[in-house]
Amino acid sequence: MFRQSQVLEGESEEMHGARSQPGCGLDRRSFLKCAVASGAALGMGELAQPAVGSPSEVGQQKQDDARFIVEARFYEKQKNLRIKCKLCPRECVVGDRERGYCGVRENRGGTYYTLVHSRVCAAHVDPIEKKPLFHYLPGTVAFSLATAGCNVNCKFCQNWDISQTRPEQIPASYVPPQMVATLAKQNGCPTIAYTYSEPVIFSEYVMDAADAGHEAGIRSIVVSNGYIQEEALKAAYGKMDAVKIDLKSFSESYYRNVVSGQLKPVLESLVTLKKLGKWTEIVYLVVPTLNDSDAEFRGLAQWVKTNLGVDVPLHFTQFHPEYLLKNLPITPVSTLERAKAIADAEGLHYVYIGNVPGHPSQNTYCPKCRHMLVERVGFTASKVLIRKNGCPFCHQPIPGIWNA
Amino acid sequence: MSQVHIASRRDFLKRALTSTALLSGTCGSALLTAAEPGAAQAKSKVVIARDALLRGTGSTVDSRRMLSLLDRAMQALFDRDDPVENWRRVVRPGDSVGLKVNTLGGRGISSNLQLVEAICERLQEAGIRAKDIVVWDRDSGEMERAGFRVSVGGNGVQCFGTDGVDYEQDLALYGSVGSRLSKILTQRTNVLINVPVLKDHDGAGVTIALKNMYGVIHNPNKYHPNGCDPYVADLNMLPEIRTRMRLVICDATTAMYDGGPAYKPDHSWKENALIVSQDPVALDYMGWQMIERKRAQKGLKTLEGEERAPRYIATAADAEHRLGMNDPTRISRVEI
Ligand SMILES: [Zn+2]
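Rules behind the numbers
Residues numbered from 1 in each chain as written. Chains lettered and ligands numbered in written order. Predicted model: local features only at pLDDT ≥ 70, side-chain atom pairs only at ≥ 80, totals over all residues. Heavy atoms only, no water. Helix = DSSP H or I, 4+ residues; strand = E, 2+ residues; numbered from the N terminus. Buried < 20%, exposed > 50% of the residue type's maximum accessible area, 1.4 Å probe, protein only. Contact = heavy atoms within 4.5 Å. Areas by Shrake-Rupley, 256 points an atom, 1.4 Å probe, with all protein chains shown as cover. Core = buried A, V, L, I, M, F, W, Y, C linked by side-chain atoms within 4.5 Å. Domains from an automatic or database assignment. pLDDT = per-residue confidence, 0-100. Buried area = accessible area lost by both parts, 1.4 Å probe. Salt bridge = Lys/Arg side-chain N within 4 Å of Asp/Glu carboxyl O. Polar contact = N/O pair within 3.5 Å; in protein donor to acceptor, adjacent residues only side chain to side chain. Nonpolar A, V, L, I, M, F, W, Y, C, P; charged D, E, K, R; others polar. Pairing = 2+ DSSP bridges. Donors = N, O, S within 2.8 Å, 3.2 Å for Na, K, Ca; no water. Tetrahedral: all angles 85-135°; square planar, octahedral: opposite > 155°, others 65-115°. Arc of directions from axis to C-beta. Axes fitted to C-alpha atoms, helices over the stretch in contact; angles between N-to-C directions. Parallel < 35°, antiparallel > 145°, perpendicular 65-115°, else oblique. Left-handed = near helix turned anticlockwise from the far one by under 90°.

Each helix and strand in chain A was counted, giving ten helices and 19 strands. Across the 404 residues in chain A, those meeting the buried criterion constitute 57%. Counting only contacts in chain A whose residues sit at least 6 apart along the sequence, the fraction spanning at least 24 positions is 65%. When the accessible area of chain A is evaluated, it comes to approximately 15900 Å², of which 52% is carbon and sulfur surface.

Counting its regular elements, chain B contains ten helices and 13 strands. For chain B, restricting intrachain contacts to residue pairs at least 6 apart in sequence, the fraction spanning at least 24 positions comes to 71%. Approximately 11400 Å² of chain B is accessible, and the part contributed by carbon and sulfur atoms is 49%.

In summary, soluble globular proteins display a tendency toward joint burial of nonpolar side chains. Grouped together as the largest cluster of nonpolar side chains are 81 residues, with contacts concentrated most on L145(A), F156(A), Y194(A), Y237(A), L247(A) and F316(A). Here this core spans two domains, since at least three of its residues come from each of domain 1 (70-114) and domain 2 (119-384) of chain A. Of all hydrophobic cores here, the second largest spans 60 residues; its members include V165(B), A172(B), V216(B) and A255(B).

Residues and elements named next belong to chain A. Within chain A, residue pLDDT values average 87, and 84% of them lie at 70 or more. With pLDDT under 50 throughout, residues 1-32 is counted as low confidence; its partners more than four residues away or in other chains account for 67 contacts. In the predicted structure, residues 39-60 sits below a pLDDT of 50 and forms 49 contacts with residues beyond four places in sequence or in another chain.

Quick look at the domain arrangement of chain A now. All names here are of chain A. Each domain of chain A was delimited in the assignment, giving domain 1 (70-114) and domain 2 (119-384). Here domain 1 and domain 2 have C-alpha centroids that lie 27 Å from each other. Counting residues at the interface gives 17 residues for domain 1 and 24 residues for domain 2. Summing the contributions of domain 1 and of domain 2, the shared interface buries around 1600 Å²; its carbon and sulfur component is 56%. There are two salt bridges connecting domain 1 and domain 2. A salt bridge links E204 to R105; the nearest nitrogen and oxygen atoms lie 2.5 Å apart. The interface formed by domain 1 and domain 2 includes nine residue pairs in polar contact (both at pLDDT 80 or more). Considered class by class, the residues forming the side of domain 1 that touches domain 2 number nine nonpolar, two polar and six charged.

Take the sheet that holds strand β19 (residues 380-384) of chain A next. Residues and elements named next belong to chain A. Taken together, the three strands give an open sheet; going across it, the order is β17-β18-β19, and neighbouring strands pair in antiparallel fashion. Each having just a single partner strand, β17 (364-365) and β19 make up the two edges of the open sheet. Note that β17 and strand β18 (residues 372-377) share two bridges and pair antiparallel. Note that in β18 the partner of T364 across the bridge is V374.

All names here are of chain A. When you tally the buried positions in strand β15 (residues 314-318), you get five out of five residues, the bulk of the element. Residues L314, F316 and Q318 of β15 are buried on one face, and the alternating residues H315 and T317, pointing to the opposite face, are buried as well. Where strand β14 (residues 279-286) and β15 come together, five bridges link them in parallel fashion. Bridge pairing links I282 to L314 in β15. Examined bridge by bridge, β15 and strand β16 (residues 351-354) share four bridges and lie parallel to one another.

All names here are of chain A. Note on the zinc ion: its protein donors are C366 (SG), C369 (SG), C391 (SG) and C394 (SG). The metal-donor distances range over 2.2 to 2.3 Å. Metal-centred angles of 102 to 116° between the four donor atoms at the zinc ion mark the site as tetrahedral. Here the donor residues of the zinc ion share one chain and are spaced in sequence as C-x2-C-x21-C-x2-C. Assigned by exposure class, C391 and C394 land together as buried.

Residue and element names in this part refer to chain A. Where helix α6 (residues 230-237) is concerned, the buried positions are A232, L233, A236 and Y237. The arc enclosing the buried residues of α6, seen along the axis, measures out at 100°, which places them on a common side. Where the residues of α6 are buried, they touch α5 (203-215), β12 (219-224) and α8 (264-276).

All names here are of chain A. Taking strand neighbours across the sheet as the criterion, the three strands line up as β2-β3-β4 in an open arrangement whose pairing is antiparallel. Two strands bound the open sheet, and with one partner strand each, they are β2 (75-77) and β4 (93-94). Pairing geometry for β2 and strand β3 (residues 83-85), over three bridges, is antiparallel. Directly across from Y75, in β3, lies its bridge partner C85.

Our next topic: the packing of helix α4 (residues 177-186) of chain A against α5(A). The relative placement of two packed helices is expressed as an angle between their axes plus a distance between the axes. Residues and elements named next belong to chain A. Running from N to C, α4 and α5 point in directions that differ by 50°, and their axes come no closer than 8 Å. Classified by the interaxial angle, the pair formed by α4 and α5 is oblique. Viewed along their axes, α4 and α5 form a crossing whose handedness is right-handed. Across the interface between the two elements, P177, Q178, V180 and A181 from α4 touch Y205, D208, A209, A212 and G213 from α5. Split by residue class, the contact of α4 with α5 holds six nonpolar, two polar and one charged.

All names here are of chain B. Burial analysis of strand β2 (residues 44-50) places five of its seven residues in the buried class, the great majority of the element. Pairing analysis gives five bridges linking β2 to strand β13 (residues 331-335), with the strands arranged parallel. Residue pairing in the sheet places S44 in a bridge with I331 of β13.

This is the structure we're talking about:
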């Protein structure tokens, strides 16, 4: 702390109180000077709790909490201390002392660091159906966690308070990989879920936690936008037991204007996941007027059928006005039903309607004999009839991961 | 583009109490007549004041010479001799004045301490209480690394980062920008004096007055694509910023012509100057030209040649934004 009458360089701490009033030997200039310079006192400047109207709500963390800072993977060094990030298709070129678009990776002297390893800002035990994953261990719960940050900026983001923020701006806990596995086990979760914000940007942590989980017999799943480079996808999501991708629209202009991203790399990620044999489900958030045309639904369904096959679950979910899209209404259920009808007609086997409690299209039906095989109430599976990975009535195989 | 501010009714009322006068466009006072760059008939004045002996024989800026340089710059800007009188055209007793400094570059290239002290001194002489002056940037630790001493409470000049007070919960929106603003800007100050540095910027081309406002928001990383265009211009359109910014005093004692924004001693030079204007666009335009001249001297390509010309300056001047002048024929450059 300094007071009004402090002077410049070289002053010792003890002198501050003695000079706190004018008239103790200072000339007028010294008094008026604000002594903003820390001089010799640099480094001792305690961040005092300030008075009213000012810093009373100190909620931020010190930026340099070393526990969270680990050298990033997936980047290249360039000249002049620049780096090029190779994690997501954005390929940020980041100068020294600057951060990438995600806000959680920083160039320090030509080395790129993640600032969010083990830096958990949200953690909950959620039903797996909430992710949603419908063909993966129904009725179980997942130890779900997130760090700050995201590599896109969706105008409808429900979690923008953590995704569109820098890590030092929100409270977080240190939860190293082993502790994630332990907490999952203690909470009866067979699965760790990386979710809420965007796991692409905390890939290093995802990989380490997945390894720790697997050693402890805990699986891992990720809820992601799929906006990630192929090498990083293989390395990070290759460790996952299942993946949910938010395919936010089937048009580049929507990705550019509403998401601040690109469609093509996301489609490529879906194809790569298919090649890797990862169990993948797709969610499409239907936003009124922006991505809800018949043509777009049809194009999407045809692309899925051609490139991923008819057995990939496709969830059409209801939009709620949030963040930068508060001017649009909730998606009418009839729109979701129209989307499902189009995708059904294209031949997809598992098309769901999400975020609409009690809707019959949140249940799983046998594509051959139409018997209901999984009944869902709210976010839980209330009835699971699948036996030996198939329909007990007609023995049609039902794809998914049904048993722990 | 429309301007929207998402706020609760209570927030709205609170704001209404504190800032309606400022939102009226004319700012409700004669203080800003020279600061309305949109006024079609007027040229924008940009003063470049130099002192070759600013550092005496050493490397540190002499505080008395800095005060005198600041006074000369203000005299040239306002055409009056009395330094305090000039400051009374910018602030009034009762104002709470924020000095938004730039400390990203550490000790090497941050807003000059002697300059900040000189401004604080004149502000107090113009009737602003010391405790109503806040020297601020986004992060207290960064400010300390740049040589500032964090100070909170008491009757002295306040000096701290937004990390100590947080950002507003509500988003301020304009065009491509949706951001949470520093509570230092919105709750602690009704006048903003922008005290940037003059430097090259990797992505944006240059960072001077307009881009210094990236330090006012919670999510600057979202606004670096496309050379920060139109984000810089859109951000400066936010009424909370636009109505407060009355003066830019750019510290060009040390400047950087390449390799920014982090400090690169090999790419910096001692200009020993202040650039002062009430038009941030005109000031940015002039600062950009100074950087280009230095780049030419050093045999470097133009920023355009490196495909990183600061296009956001033109956007800030366009018909939608009208934040100031970027047409050199409409800028009155005064070099002293
Ligand atoms: Zn069947």
